[in-house]
Amino acid sequence: MKPEQITAWALNELPAEDQPKIEAALQADPDVLYQADEVKSFCDFLSAELRDEDFALSEDQRGALAALAALPPPTALAESTPWWRRYAIANIATAAAVVVISGVLMIKQEKQHVTEEFVLTGDDLKVQAAPVLPDKADARKKEMSPVPQPGKPSVTGLGDASRPGLVASPPADAFIAPDVVAAAPPSPVLRNVELNLGQTMDRVIQRSSMDRQDYAPPEIPQRFGYVVEPQYDRKANTETYSQFIENTVQEVARVPLSTFSIDVDTASYSNVRRFLNQNMLPPQEAVRIEELVNYFPYDIDGPAADKDPFAVHVELSQCPWQPQHRLARIAIKGQEIGMEHRNSNLVFLVDVSGSMNEPNKLPLVQQSLRMLTERLGEEGRVSLVVYAGQSGVVLPSTNGMKKAEILAAVDNLRAGGGTHGSAGIKLAYEQAVSGFIKDGVNRVILCTDGDFNVGTTSPEELEKLIAEKARSGVFLSVLGYGSGNLQDRTMETLADKGNGNYAYIDNLAEARKVLVEQMSGTLVTIAKDVKVQVEFNPAQVRGYRLIGYENRLLAKEDFNDDTKDAGEIGAGHTVTALYEIVPASLPLDAEPQPLVDALKYQNQVAAASPLPEEKLTPAAETDEVMTVKLRYKKPDGNVSQLIEVPVKDEGKKLKAASREFKFTASVAGFGLLLRDSAYKGQLTWDSIRQLAREGKGPDKNGYRGEFLQLIEKAAAMTPSRPQ
Amino acid sequence: MSDPSHAFTEILQRYERPLVRYAFSFTADLEDARDVVQDVFIKLHHHLAGLDEDHIAPWLFTVCKNRALDHHRKNSRIISMDTETLELEASSEPGPSEEMETRETAATLRQLIGELPDRQREAVRLKFIAGLDYKQISEAMKTSMGNVGYLIHHGVESLRKRWQSIDPEAALAISKH
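In this text, all values refer to a predicted model and were calculated from it rather than measured experimentally.

Draft legend 1. How the structure looks around the overall build of chain A. Scanning chain A for helices and strands turns up 25 helices and 16 strands. Considering chain A as a whole, with its 723 residues, one finds that 50% of them fall into the buried category. Considering only contacts in chain A between residues 6 or more positions apart, those separated by 24 or more positions represent 79%.

Draft legend 2. Focus on the nonpolar core. Membership of the largest hydrophobic core comes to 133 residues, with the highest contact counts inside it found for Phe348(A), Leu349(A) and Val444(A). When residues in this core are grouped by element, the largest group, nine residues, is from helix H23 (residues 659-674) of chain A. If you count residues domain by domain, this core takes at least three from each of domain 3 (250-268 + 287-337 + 527-659 + 671-680) and domain 4 (344-522) of chain A. Setting aside chain neighbours within four positions, we find Leu349(A) in contact with Val385(A), Tyr387(A), Gly424(A), Ile425(A), Ala428(A), Val444(A), Ile445(A) and Leu446(A). Core analysis: the next-biggest nonpolar cluster, separate from the first, contains 71 residues, Phe45(A), Leu68(A), Leu60(B) and Val156(B) among them.

Draft legend 3. How the structure looks around the sheet that holds strand E5 (residues 344-351) of chain A. Residues and elements named next belong to chain A. Strands sit in the order E7-E6-E5-E8-E9-E10 across an open sheet of six strands; the sheet is mixed. What marks the edges here is a single partner per strand, and that holds for strand E7 (391-399) and strand E10 (500-505). For this sheet, the mean angle separating the axes of adjacent strands, direction not counted, is 15°. Note: E5 against strand E8 (residues 441-448), seven bridges, orientation parallel. Counted as the bridge partner of Leu346 is Arg443 from E8. Relative to the sheet, helix H18 (residues 488-497) contacts strand E9 (475-481) and E10, its axis offset from that of E9 by approximately 165°.

Draft legend 4. Quick look at helix H1 (residues 3-10) of chain A. Residues and elements named next belong to chain A. A large share of H1 lies buried, amounting to seven of its eight residues. Those residues of H1 not exposed but buried are Glu4, Gln5, Ile6, Thr7, Ala8, Trp9 and Ala10. With its phi angle positive at about 60°, Asn12 sits one or two positions after the end of H1.

Draft legend 5. Here's a closer look at the pairing of E5(A). Residue and element names in this part refer to chain A. Among the eight residues of E5, eight are classified as buried, and the element is accordingly described as predominantly covered. Two elements, E5 and strand E6 (residues 380-387), share eight bridges in a ladder whose sense is parallel. Along E6, the bridge assignment pairs Val347 with Ser383.

Draft legend 6. Quick peek at the sheet that holds strand E14 (residues 574-583) of chain A. Strand order in the open sheet formed by five strands is E1-E12-E14-E4-E3 (chain A), with antiparallel pairing between adjacent strands. Of all strands in the sheet, those with a lone pairing partner are strand E1 (250-251) and strand E3 (310-318) of chain A, marking the two edges.

Draft legend 7. Summary view of the confidence of the model for chain A. All names here are of chain A. Per-chain confidence: chain A averages 73 in pLDDT, with 69% of residues scoring 70 or above. Looking across chain A, the model is least confident in helix H11 (residues 221-228), with a mean pLDDT of 30, and most confident in H23, with 95. Long-range and interchain partners of residues 103-237, a stretch whose pLDDT sits below 50, account for 214 contacts in this model, where long-range means more than four residues apart.

Draft legend 8. Expanded view of helix H19 (residues 508-517) of chain A. Residues and elements named next belong to chain A. Those residues of H19 that sit buried are Glu510, Ala511, Lys513, Val514 and Leu515. Buried residues of H19, viewed axially, fall in a sector of 160°; they line one side. The inward-facing, buried residues of H19 contact helix H12 (267-277), helix H14 (362-374), E10 and helix H20 (519-523).

Draft legend 9. Region of interest: the pairing of strand E11 (residues 525-536) of chain A. Residues and elements named next belong to chain A. With 11 of 12 residues buried, E11 is to be regarded as a mostly interior element. Examined bridge by bridge, strand E2 (residues 257-261) and E11 share five bridges and lie antiparallel to one another. By the bridge assignment for E11, Thr259 is matched with Gln533. Looking at chain direction, E11 and strand E13 (residues 567-570) are connected through three bridges and run antiparallel. Note that in E13 the partner of Val530 across the bridge is Gly567. Where E11 lies against strand E15 (residues 624-633), seven bridges are found, and the strand directions are antiparallel.

Draft legend 10. Layout of unusual backbone geometry. Residue and element names in this part refer to chain A. With a phi angle near 50°, Asp529 is a residue other than glycine that sits in the positive phi range. For Asp529, the location among the structural elements is in strand E11. Within the chain, Asp699 stands out as a residue other than glycine whose phi angle is a positive 50°. Its place among the elements puts Asp699 in the loop between helix H24 (685-695) and helix H25 (703-717). Judged by the 15 C-beta atoms lying within 10 Å of it, Asp699 is partly exposed.

Draft legend 11. Quick look at the environment of Ala566(A). Residue and element names in this part refer to chain A. If you trace the backbone, Ala566 turns up in the loop between strand E12 (541-547) and E13. The buried category is assigned to Ala566, around which 24 C-beta atoms lie within 10 Å. Once the C-alpha coordinates of Ala566 and Lys531 are considered, the two residues, 35 residues apart in sequence, prove to be 6.3 Å apart. Beyond its immediate chain neighbours, meaning those up to four positions away, Ala566 contacts Ser261, Ile262, Asp529, Val530 and Lys531.

Draft legend 12. Molecular detail of the packing of H14(A) against H19(A). Residue and element names in this part refer to chain A. Between H14 and H19, the least distance of the axes is 9 Å, while the angle of their chain directions is 35°. For H14 against H19, the interelement crossing comes out right-handed. Contacts between H14 and H19 involve Leu364, Gln367, Ser368, Met371 and Leu372 from the first element and Leu508, Ala511, Arg512, Leu515 and Val516 from the second. Class assignment of the residues belonging to the contact of H14 with H19 gives a composition of seven nonpolar, two polar and one charged.

Draft legend 13. Seen up close, the packing of helix H5 (residues 104-114) of chain B against helix H8 (residues 145-166) of chain B. Residue and element names in this part refer to chain B. Across the interface, H5 lies against H8 with an axial gap of 10 Å and an inter-helix angle of 130°. Comparing their axes, H8 and H5 come out oblique. Once H5 is placed against H8, the crossing between them reads as right-handed. Packed against H5, whose contacting residues are Thr108, Leu112 and Ile113, the element H8 presents Leu159, Arg162, Trp163 and Ile166 at the interface. Its residues placed into classes, the contact of H5 with H8 shows five nonpolar, one polar and one charged.

What counts and what doesn't
- Residues numbered from 1 in each chain as written.
- Chains lettered and ligands numbered in written order.
- Predicted model: local features only at pLDDT ≥ 70, side-chain atom pairs only at ≥ 80, totals over all residues.
- Helix = DSSP H or I, 4+ residues; strand = E, 2+ residues; numbered from the N terminus.
- Buried ≥ 20, exposed ≤ 12 C-beta atoms within 10 Å, placed from the backbone.
- Contact = placed C-beta atoms within 7 Å.
- Core = buried A, V, L, I, M, F, W, Y, C linked by C-beta atoms within 7 Å.
- Domains from an automatic or database assignment.
- Pairing = 2+ DSSP bridges.
- Axes fitted to C-alpha atoms, helices over the stretch in contact; angles between N-to-C directions.
- pLDDT = per-residue confidence, 0-100.
- Arc of directions from axis to C-beta.
- Left-handed = near helix turned anticlockwise from the far one by under 90°.
- Nonpolar A, V, L, I, M, F, W, Y, C, P; charged D, E, K, R; others polar.
- Parallel < 35°, antiparallel > 145°, perpendicular 65-115°, else oblique.

Listed below in structure tokens is the structure:
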């Protein structure tokens, strides 16, 4: 292997034909792999540092260029004209054209002005003010927290400057959506836009001729900014995550039931890994502990044949971060089904919008799809739908044996254009439904960075669309790609609503994990709407806390309600839930953290001690700690079935816990520290490392070894947090 | 991409930031970089009809580089007579370029890239600042893809060594496993 090939590998630039060879060579030699990883880390670091999204045109320049787009290119100019003359002529011509258009429109508009004016109140401004150039001192912070930081306004006080905190600034990247510019001015709002652009244009052209001291920011573009605001492309405003609040400790006497939907998503782990590999701590919202835990395959027994589609194992041991508490690990293992002889109808839906034009996006999507295609047999059919400004079927449903045809279509994908997500999704589902295979795998596989910015694609509408399409029996997998623009929230919600799973693909190895090694888990759903309800025995347990699953909680009534949607389980999937349990036997004053303060108006009975004897059923007299109940439906069924598992605590110390228990606890602890959780107790990076090492086991695919490396990275980056 | 105005807007949207970053690596001044990039897009508007979609990125960055170098040459001649104006301007505007420089890591890296041999520097800028792929770089630099791989490999290697010698601790953290 040449050293250049290692660098090309690190940059995802290897020619497709060299890819397997180089990958194999890397896997074969740990030293070379180490070296290659170092090059890759440095390349990622370079890209992350050097792709500063704050380098952008000014608002006015962008507006002026958008106006230019609407004009026909000057074709009459002879090629022999010196460039500077062509230039001047073009500028004058452009400016003149704009002035004429503006004039005409202004006259037209005059009469209707009052009704057509886009009226902005002070409150509107406050709400819509978006960053222009965020404070550079805050640049780091901005990288860490994806929530838009209010930036420095370029122009202050539109009308009402005296009100404190009220600043008006045009959105940072107020972009005219292609549709707006391309269209003739049919609506009053559009006329407004062009009018304002005309004025901006004049100023900017002036400015280009080095006339800077005269330059004053025009006032009107603000309005233009707001007019197109609902459609602009939030490029600089990087990544979005749903905020969520950690589950708290619940008292068994008050809330004996804990109900949630299972979650097989793994995206949070790969996303957290991307941050750490770029030497950044992930935003706390990006750390979803259940997804970290569920990223790893666990070595547990599946169900006996001909029984339920999955097995439930529960293990209790000492809680590593709160040694007086217990930690319960509920592991659900789906039955293994080989993908090889399943009839499948797969529709790849690929986002080919402009934002996908980055090495770690579309090229990685193509590589992912190539890998998946390699695995297809003659029972598999594939179609390929793309979407950008428009959407279209690139490859109609094609037999999996016609690999050359499929691969050619995949290789021909090119990025460009806005992102009209909803149209593509509709088209993909239509494809899937038209080729529906009964009892087979029917699935849309959406590959995107999630940045839907054209058309009527508010998250709510997309959700509705997907939820409706999910009823057709077609499942959805969402594969998230890229960084800087990752719309984590949109993608997770889509997968959730669309009976599907969501994985984040940050490199080729991850693509291989999701699409090759765990292909059947990703593609074959064995049970849907899987819900878990745990009832705790108040004689044994005083309080409990569900770790993670914050956005999957259900009301206790939802458990038996078959109309309530919940998570899906794929073939061979393991899903794990952890509860931190406060034993009832623990002396009240010995608790590390009192659950809540003593009540002022009620006696303590209900608050912190077991219920009075007469309220307990005979079952509470047993030494059962809790009962885990599961409901699931067959993939094509509508009626749920119930599994019940009573659980006893054998008082196992942490040392005696199983390897898988220790590893799970370590991953959860890793998440608690990254979230800087209020419940992290005595956790330290050392204790997490220790547990991970003890739980590592054979680690056939190297996932756990990689996790150990992430612990080191995270530990090195959080010296200030209490250890 | 059939509609030219649509195509233009798309290109603007996709390449605006990479171009400004790239121009900045020559001009070291954000305002100048913006002006250069505005000129590039105006030029694009004139030539759009004759450009094949596949060649747009290499074309844009080639034009951008030439314009930035022109601009730089012109500015370095007029700078002596114009300092007063420039100072005035600096105090009246937020001065994004200075703020930008407080991002030390990025600034240091840009400086280190500036010290690379010509061809390597060019390739590294096109790769990491402009975000082009090897094929596009090979077209912009009028060389083979193999050569691009070679230039980037050596550019990255020497950047990595220099970065380690400047900031051994941070470098260690980057590559720590």
